Amino acid sequence: MEARFGGRVALVTGGASGIGAAAVRQFHREGACVVIADVDAAGGTALAGELGARARFHATDVSDYDAVEALVLEAVSAFGRLDVLFNNAGIGSFSPIPDLAVEDWQRVIATDLNGVFYGMKAAIPVMREQGGGAIVNTASISGLSGDYGFAAYNAAKAGVINLTRTAAIDHAREGIRVNAVCPGPVDTPIIAGISEVPGLRATWDDAVPMGRFARPEEIAEVAAFLASDAASYVTGAIIPVDGGVTAHTGQPNLLRAMGRGDAS
Ligand SMILES: NC(=O)c1ccc[n+]([C@@H]2O[C@H](COP(=O)([O-])OP(=O)(O)OC[C@H]3O[C@@H](n4cnc5c(N)ncnc54)[C@H](O)[C@@H]3O)[C@@H](O)[C@H]2O)c1
């Protein structure tokens, strides 16, 4: 495959695990120098070590603006430029609103929403100076509609979606494209806890028209497309990568209920 990211520098937050790690591997495989940013120092260091010379890990908490600014400076001083920012770090939360601790609300907003703003605030001046760049933000289908018990996460991811749109139009004439991916359920540690509830995984699989969770690589592939020159006229796009979840109104499967068709 052509080295789409040869000579380019990509920064991936939440790059030590899951979707971020898959994206780190893909950008690197396609020629990029990659900076892995994460609070997981062990995972990030191991991945950078495995990839070798064109990769490095920078311990960063994306909810801390000074840390994110230092991260961007480090990427530029290590590799000379910054072409791609994948704002992907995130955490979940699950609680009805009255039981949701204020600290948990703040933690989710600080990581999932503030972290994306901080990444763009620090990176856009560098990209503008260079004459362009591509930013991909990881939102979620949970930013497009509500989920039972996901109040903080729904709010943060909806914020990421509209922030993506604003950033896209504000910087379109500066050669900076800004897009978001909205994954459906993906097999990563963030939702590993569901295996503790008997039957939940099968129920969740069944709620996806494709009948399964995504692999992290299936999200990374779309992020890489959005970050590449193949998406040169794509900005402000909010792209579900969800096996068909958001194509569905949420109504029951009448074909199955009535024993008709093969929509199992
Ligand atoms: N897995 C899913 O089903 C799913 C669905 C939709 C959206 N997403 C989103 O995808 C993104 C990646 O999640 P994932 O599924 O790969 O989970 P993951 O837990 O495998 O990866 C998340 C990474 O972010 C890091 N991280 C957490 N807080 C951080 C912070 N404050 N600063 C820096 N790094 C931090 C974690 O250490 C971890 O390495 C998240 O934004 C998540 O909300 C995931």
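Use the structure listed above.
Here's a quick rundown of the structure. Note that this is a predicted model, so its numbers are computed, not measured.

### Topic: the site of the ligand
As a structural note, the neighbourhood of the ligand is formed by 28 residues, with Ser 17, Ile 19, Asp 38, Tyr 153 and Thr 188 the closest of them. A distance of 2.6 Å separates an oxygen atom of the ligand from a polar atom in the side chain of Asp 38. A distance of 2.8 Å separates an oxygen atom of the ligand from a polar backbone atom of Asn 88. Coverage of the ligand by the protein amounts to 91% of the 820 Å² it exposes when considered alone. For the shell around the ligand, the secondary structure elements donating two or more residues are helix 1 (18-29) and helix 5 (151-171). A per-class count over the shell around the ligand returns 13 nonpolar, 11 polar and 4 charged.

### Here we look at helix 1
The end-to-end C-alpha distance of helix 1 is 17 Å, a good match for the 16 Å that 12 residues give at a rise of 1.5 Å each. Most of helix 1 sits inside the fold, with 10 of its 12 residues counted as buried. Among the residues making up helix 1, those that are buried are Gly 18, Ile 19, Gly 20, Ala 21, Ala 22, Ala 23, Val 24, Gln 26, Phe 27 and His 28. Gly 31 sits one or two positions beyond helix 1 and adopts a positive phi of about 105 degrees.

### Looking at helix 2 (residues 41-51)
Residues of helix 2 that are buried include every one of Gly 44, Leu 47, Ala 48 and Leu 51, and no others. Looking down the long axis of helix 2, one finds its buried residues gathered within 100 degrees of arc, a one-sided arrangement. Counted as exposed and oriented over 90 degrees from the buried face of helix 2: Ala 42, Gly 49 and Glu 50. In this fold, the buried residues of helix 2 make contact with helix 1, strand 2 (33-38) and strand 3 (55-59). For helix 2, the N-terminal cap is Asp 40; the gap from its side-chain oxygen to the backbone nitrogen of Ala 42 is 3.3 Å. Count one or two residues on from helix 2 and you reach Gly 52, which has phi positive near 95 degrees.

Rules used in this analysis
- Residues numbered from 1 in each chain as written.
- Predicted model: local features only at pLDDT ≥ 70, side-chain atom pairs only at ≥ 80, totals over all residues.
- Heavy atoms only, no water.
- Near = heavy atom within 4 Å.
- Polar contact = N/O pair within 3.5 Å; in protein donor to acceptor, adjacent residues only side chain to side chain.
- Areas by Shrake-Rupley, 256 points an atom, 1.4 Å probe, with all protein chains shown as cover.
- Helix = DSSP H or I, 4+ residues; strand = E, 2+ residues; numbered from the N terminus.
- Nonpolar A, V, L, I, M, F, W, Y, C, P; charged D, E, K, R; others polar.
- Expected span 1.5 Å × (residues − 1).
- Buried < 20%, exposed > 50% of the residue type's maximum accessible area, 1.4 Å probe, protein only.
- Arc of directions from axis to C-beta.
- Contact = heavy atoms within 4.5 Å.

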